[in-house]
Amino acid sequence: MTEKERNSEVIICRCRDVTEGELREAINEGYDTLELLKRKTKIATGTCGGRTCLPMARSILAAETGKDVEEIPLPRERSPIIPIPIRFAAGEKEETA
Amino acid sequence: MIDKDVIIIGGGSTGLAIAYYLAQKGVTEVLILEKDYVGSGSTGRCGSGIRAQFNDRPTVEMMKRAETGWNQLSEELGFEFNQSGYLYLHYTEEDLNQYREMRDFQNSLGVPTEILSPEEAKGICELIDISDVVGASFNPEDGKAHPFEVVTAFRKFFRESGVELKEGTEVVDVNLRKGDGLKLVETRDKTYQTTTLVNAAGGWAPKIGNMLNLDIPVEPYRHQAIITEPFQQGSIEPMIISMHHEDAYLTQTPRGGIIGGVGTPDWEQPTYDMTESLEFEKRVSEAFGSIIPGLKRARILRHWAGYYAMSPDGNPLLGEYKIPGHYLAAGFSGHGYMMAPSVGEGLADLILEGASDLPLDYYDPERVDRGELRQGALQMG
């Protein structure tokens, strides 16, 4: 097994179970920005909000497209910063929950 | 010299569907110019719902055809159109009676809407709190399709069919050439010439209009939505609507998240600012928790804003506008995504044949200049 084959099964996004191989495949199908890759593979849409997967996905994208990491824009951050239960967003206090 | 037969500005569901139907009718010398990426505007920000439960004949006809179109597209392009229905919950007898009349009207146009008892509504989604519900309306042919799966499927089709889709390509100017009236569509890299230009730029349609010194009566209103973490997979199949809870709508995505929103408050003004607001997060949470108490435990994962591109009467502007060969497909007022297949088919016919069997006259954009405003289409969210 080559290094690339071994890496292809490495989980990059553990919220959505996306592997390095799946990311490379999507990039080669033309999903060659993080916004597109996010929507195609669902990386960065889980509980961690992309904190875990985005830096790695960005490096893979840079390697596959021959760009510098800094040239690749990050997707827009979304509120809330950490997932919050609907009851708290609605104004309920913890003790009544 | 002409570069393309048709140039479409805007790579959202509307522009993509028009290009698709042009290609189906044999015209593939088509260029779509998208300033960001496919679906990056209102399409990718929408709640994914598709319904024919409207209260005026043209919209019901457009949406009935659109649902047939969604079925065909899902088979031909390979994405899921889940006909899990739209379930309107009613909390007063007055509302229920109004929707009984609407059911009769929709039935007369071939839309199989039915009125359900609270218990029957609970049979469709067990999690609904029916203690204050007096009845519900349900059309099993309504449904949902995931916007990104849809635009992705179109993108793949265009790669294979010869339609050119240029993403990351902003139109910076449009001019008419003196003499022959050719449209010169300028991007940062290149200027394209065409006889036929379609403005399908959604909330940004007026900006394109300005380039041609046209005042396009569309205003972008911010509209927000949320998605939760996956929640009891398969538990909320239909799109659930409650006019009683600030026009709330919610459903479950294929991956289990609950997606939806509540209506835009009256104080919202037209804006190009797409920043989300905490005030919305509170209102949507109160509504969702009241309709389905179990959702109080669900955690909000993301919250975003998009546009309802409002026309003066809340109905689309479809057809040739002011300049021969210049078409508008804009001002959908919150219904552009769901209507895309019939708009695509209708505009393709209008461009190629000069006529369509769909009720496009109703949506003639020049009605606004003539002061012939229509009844607003039934709005929510």
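Residues numbered from 1 in each chain as written. Chains lettered and ligands numbered in written order. Predicted model: local features only at pLDDT ≥ 70, side-chain atom pairs only at ≥ 80, totals over all residues. Heavy atoms only, no water.

A. A look at the interface of chain B and chain A. The interface of chain B with chain A comprises 31 residues on the first partner and 25 residues on the second. Both faces considered, chain B and chain A share a buried interface measuring about 2,600 Å² in area, 55% of it formed by carbon and sulfur atoms. Scanning the region where chain B abuts chain A turns up two salt bridges. Counting the contacts that link chain B with chain A gives 13 residue pairs in polar contact (both at pLDDT 80 or more). For the side of chain B that touches chain A, the secondary-structure elements that each account for two or more residues are α5 (147–161), β13 (219–228), α7 (278–291) and β17 (299–310) of chain B. Considered class by class, the residues forming the side of chain B that touches chain A number 11 nonpolar, six polar and 14 charged. Where strand β3 (residues 84–85) of chain A lies against β17 of chain B, two bridges are found, and the strand directions are antiparallel. What sits directly across from Pro85 of chain A, in β17 of chain B, is Arg299 of chain B. (Contact = heavy atoms within 4.5 Å. Buried area = accessible area lost by both parts, 1.4 Å probe. Salt bridge = Lys/Arg side-chain N within 4 Å of Asp/Glu carboxyl O. Polar contact = N/O pair within 3.5 Å; in protein donor to acceptor, adjacent residues only side chain to side chain. Helix = DSSP H or I, 4+ residues; strand = E, 2+ residues; numbered from the N terminus. Nonpolar A, V, L, I, M, F, W, Y, C, P; charged D, E, K, R; others polar. Pairing = 2+ DSSP bridges.)

B. Main features of the pattern of salt bridges. All names here are of chain B. Under the counting rule described, the total for this entry stands at 25 salt bridges over all chains. The salt bridge partner of Asp369 is Lys322, with a shortest N-O separation of 3.4 Å. Of this pair, Asp369 sits in helix α9 (residues 367–370) while Lys322 sits in the loop between β18 (317–320) and β19 (326–330); the two residues are 47 residues apart in sequence, bridging distant segments of the chain. Taking the shortest distance from any N to any O, the salt bridge between Arg370 and Glu372 comes out at 3.1 Å. Salt bridges linked by common partners bring Lys4, Glu29, Glu164 and Lys166 together as one network.

C. Unusual backbone geometry, seen in detail. Of note, the bond from Ser79 of chain A into Pro80 of chain A is cis; its omega dihedral lies within 30 degrees of zero at -15°. If you trace the backbone, Pro80 of chain A turns up in the loop between α4 (53–65) and β3. For Asp17 of chain A, which is not glycine, the phi dihedral falls at a positive 55°. With respect to the helices and strands, Asp17 of chain A occurs in the loop between β1 (11–13) and β2 (18–19). Exposure remark for Asp17 of chain A: the relative accessible area of 54% places this residue in the exposed category. Non-glycine residue Asn213 of chain B carries a positive phi angle of around 55°. Judged by its relative accessible area of 72%, Asn213 of chain B falls in the exposed class. (Buried < 20%, exposed > 50% of the residue type's maximum accessible area, 1.4 Å probe, protein only.)

D. Inspection of the packing of helix α2 (residues 57–78) of chain B against helix α8 (residues 336–353) of chain B at higher detail. Residues and elements named next belong to chain B. Contact geometry for α2 and α8: axes closest at 7 Å, N-to-C directions at 90°. Comparing their axes, α8 and α2 come out roughly perpendicular. When α2 is examined against α8, the residues Thr59, Met62, Met63, Arg65, Ala66, Gly69, Trp70 and Leu73 are found in contact with a partner set consisting of Tyr337, Met338, Met339, Pro341, Ser342, Val343 and Glu345. Residues that form the contact of α2 with α8 fall into these classes: 10 nonpolar, three polar and two charged. (Axes fitted to C-alpha atoms, helices over the stretch in contact; angles between N-to-C directions. Parallel < 35°, antiparallel > 145°, perpendicular 65-115°, else oblique.)

E. Representation of the domain arrangement of chain B in the model. All names here are of chain B. As assigned here, chain B comprises domain 1 (2–46 + 147–217 + 313–370) and domain 2 (85–141 + 220–310). Taking the mean C-alpha position of each, domain 1 and domain 2 sit 30 Å from one another. Counting residues at the interface gives 16 residues for domain 1, matched by 13 residues for domain 2. Together, Arg45, Gly203 and Ser333 form the three largest contributors to the area buried by domain 1 at its contact with domain 2, with a combined 42%. Counting across the interface, domain 1 meets domain 2 through zero salt bridges. Across the contact surface, domain 1 and domain 2 share six residue pairs in polar contact (both at pLDDT 80 or more). The residue inventory of the side of domain 1 that touches domain 2, partitioned by class, reads six nonpolar, seven polar and three charged. (Domains from an automatic or database assignment.)

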